[in-house]
Structures are given as C-alpha cells and as structure tokens.
Amino acid sequence: MIKKVLFCVLCAFCVTLTSSAQKFALVDMDYIFKNIPAYERANEQLSQVSKKWQAEVDALTTEAQTMYKNYQNEVVFLSKEQKKAKQDAIMEKEKQASDLKRKYFGPDGELFKKRTALMTPIQDEVYNAIKDVADLRGYQLVLDRASDAGIIFGSPKIDISDEVLKKLGYSY
C-alpha cells in the first residue's frame, strides 16, 4: 500500500515538473540585423554622417593647430597684447572644435539622436517578431547568442533566428 502511494506521489511530482518545464530559445541578433536591408542602410547612413561630422571637427582642430604653430613662429615678434590676442584666438578655436565634437558625438549628441531615430523602429520590429514567435512556440525565455551573455553552448535546434526573419518578411 505504501509503495502504491509513494508511486502515485512520485508520478504526480514528475507530471508537475514536466508540465512546468520552461522552454528556451536562442536568437542571433547580429545575424538577424545583417539580413535586414533597412538596418544595413541605416548603418551606412550613420557611417556617412559620422565621417562628415568628424571631418568638420578635424578641420577645426587642424585650424587650431596651425594657429598655434604660427603663433610659436611669431611669438618673439609680438607685443604682450598681440600674444594675448593670439592665445585667446587659439583657445577659442580649440573650444569650438571641442564644442562641435560634443554636439555631434557626445552622450546626447546628434549621432546618438540620429542612431535612435533610425534604429529604434527596426529594433522594435525585431523585438515584436521575436515576441510573436516566442508566444507562438511557448518560449518563456529567448537569449541572444551574439551578446556576451555567457552562453557556452546553444543547440542550433533552439535557434529561432531564421523564424524571426521569416516573420519579418525576410526568407533566408
């Protein structure tokens, strides 16, 4: 009798464990984004804008360096007032370069704003597709194999990257 009760309890316990087993999946966000043309175009656009803005900053920096070299060559011939005026002009040019760099590349700079405007809609679309696939297949957790999350091994069988791309309308 005790064996039957123990067996029934053990069976109930096993059923409870298997019914509450969590399902996991992996995605490779790098792979997904590389297969979305709009994402690649946005990256290219950001790269072009970044190069253009960096050239503007570099031009101001070069101008300040040239002003400083000229100052060093002329310093022996300048009066105290002229020295002060040239030093102030050099410092102002350096400040302009620094301010422009901060405006374009600072934490809340133009590049950050442009990246957010271009990338957020695409990232949201990918997130929603992942969520839809996860809901459809019953996954409680989806991990990104491309991140440094510490995944040592992930079976390709649980990688849903292609399914996410298919959900987004890109068949690969």
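One structure accompanies this document, and this report is about it. For clarity, every value in this text was computed on a predicted model and none was experimentally measured.

Thresholds, definitions, all that
- Residue indices follow the written sequence of each chain, beginning from 1 at its first position.
- It should be noted that, the model being predicted, local features are given only for residues of pLDDT at least 70 and side-chain atom pairs only at 80 or more, the latter also being counted only at that level, while totals for whole chains, interfaces and linings use all residues.
- For side-chain calculations, the full set of non-hydrogen atoms in the structure is used, while hydrogens and water are omitted.
- Grouping into patches uses exposed residues only, defined as over 30% relative accessible area, and leaves out salt-bridged ones; the cut-off is 9 Å for like charges and 5 Å for nonpolar side chains (Val, Leu, Ile, Met, Phe, Trp, Tyr).
- Per-residue and other accessible areas follow the Shrake-Rupley method at a 1.4 Å probe size, with only the shown protein chains counted as cover for residues.
- When a carboxyl oxygen of Asp or Glu lies within 4 Å of a side-chain nitrogen of Lys or Arg, that pair is called a salt bridge.
- Each residue's exposure class comes from its accessible area (1.4 Å probe, protein chains only) as a fraction of the maximum for that residue type: buried when under 20%, exposed when over 50%, partly exposed otherwise.
- Numbering of helices and strands runs from the N terminus; a helix is a DSSP stretch of H or I covering at least four residues, while a strand is a stretch of E covering at least two.
- Working definition: rings of Phe, Tyr and Trp (its six-membered ring) pair if their centres are within 6.5 Å, and the pair is stacked with planes under 30 degrees apart, edge-to-face with planes over 60 apart, and tilted otherwise.
- Charges are assigned to positions over rings by a cutoff of 6 Å between ring centre and Lys NZ or Arg CZ, combined with an angular limit of 35 degrees from the ring normal.
- Any helix carries an expected span of 1.5 Å times its number of residues minus one.
- Given a residue, its bend is the angle between the two axes fitted to the seven residues that end at it and to the seven that start from it.
- Working rule for contacts: check all heavy atoms of both residues, and any pair within 4.5 Å makes them a contact.
- The criterion is simple. A nonpolar core is a set of buried Ala, Val, Leu, Ile, Met, Phe, Trp, Tyr and Cys residues joined through side-chain atoms within 4.5 Å.

## Focus: a nonpolar patch on the surface
Logical step 1: Together, Phe 24, Leu 141 and Leu 143 line one region of the surface with nonpolar side chains, adding up to about 230 Å² of accessible area.
Logical step 2: A relative accessible area of 38% places Phe 24 in the partly exposed class.

## Regarding the pattern of salt bridges
Logical step 1: Across all of its chains, the model carries 11 salt bridges by this definition.
Logical step 2: Residue Lys 113 pairs with Glu 110 through a salt bridge whose shortest N-O separation is 3.9 Å. Remark: Glu 110 and Lys 113 occur in helix H5 (residues 110–137); sequence separation between them is 3 residues, near one turn of the helix.
Logical step 3: For Asp 135, the salt bridge is made with Lys 131, and the minimal N-O distance between the two is 3.1 Å. With Asp 135 and Lys 131 both in helix H5 and 4 residues apart, the pair spans about one turn of that helix.
Logical step 4: Residue classification places Asp 135 among the exposed positions, given a relative accessible area of 52%.
Logical step 5: Relative accessible area serves as the criterion here: at 40%, Lys 131 is assigned to the partly exposed category.

## Thoughts on the packing of aromatic side chains
Logical step 1: Using the criterion set out here, one finds 4 aromatic pairs in the structure.
Logical step 2: Arranged with centres 4.5 Å apart and planes meeting at 5°, the rings of Trp 53 and Tyr 104 form a pair that is stacked. Residue Trp 53 is located in helix H3 (residues 37–74), and its partner Tyr 104 is located in helix H4 (residues 80–105); the two are separated by 51 residues in the primary sequence.
Logical step 3: With a relative accessible area of 11%, Trp 53 lands in the buried category.
Logical step 4: Ring centres of Tyr 104 and Phe 105 lie 6.3 Å apart, and the angle between their planes is 80°; on these two criteria the pair is classed as edge-to-face.
Logical step 5: The buried category is assigned to Tyr 104, whose relative accessible area is 9%.
Logical step 6: Site record: aromatic cluster; members linked through ring pairs are Trp 53, Tyr 104 and Phe 105.
Logical step 7: In this structure, Lys 23 is placed above the aromatic ring of Tyr 139, and the distance from its NZ or CZ to the ring centre is 5.3 Å.

## Brief notes about H5
Logical step 1: Compared with the 40 Å implied by 1.5 Å per residue over 28 residues, the 40 Å span of H5 between its first and last C-alpha is a close match.
Logical step 2: Of all the bends in H5, the greatest, near 35°, is centred on Met 119, and the proline Pro 121 appears no more than four residues after it.
Logical step 3: Along H5, the residues classified as buried are Leu 111, Met 119, Ile 122, Val 126, Ala 129, Ile 130, Val 133 and Ala 134.
Logical step 4: Those residues of H5 that are buried lie in contact with strand E1 (24–27), helix H2 (29–34), H3, H4, strand E2 (141–144) and helix H6 (161–167).

## Section: H3
Along an α-helix, residues three or four apart share an orientation, since each turn contains 3.6 residues.
Logical step 1: Its 38 residues place the ends of H3 55 Å apart at the C-alpha level, agreeing with the 56 Å of an ideal helix rising 1.5 Å per residue.
Logical step 2: Considered for burial, the residues of H3 that qualify are Tyr 39, Ala 42, Leu 46, Val 49, Trp 53, Val 57, Leu 60, Ala 64 and Tyr 71.

## Examining the environment of Leu 111
Logical step 1: Tracing the chain through its elements places Leu 111 in helix H5.
Logical step 2: Expressed as a C-alpha distance, the spacing of Leu 111 and Ser 47, which sit 64 residues apart in the sequence, is 9.7 Å.
Logical step 3: Residue contacts for Leu 111: discarding those within four places in its chain leaves Leu 46, Ser 50, Trp 53, Tyr 104 and Phe 105.

## Quick look at the nonpolar core
Logical step 1: The biggest cluster of nonpolar side chains holds 29 residues, and the ones touching the most others in it are Ile 32, Ile 36, Val 126 and Val 164.
Logical step 2: Counting residues per element, this core draws most heavily on H5, at 8 residues.
Logical step 3: Discounting chain neighbours no more than four positions away, the residues touching Val 164 are Val 27, Ile 32, Val 126, Ala 129, Ile 130 and Val 133.

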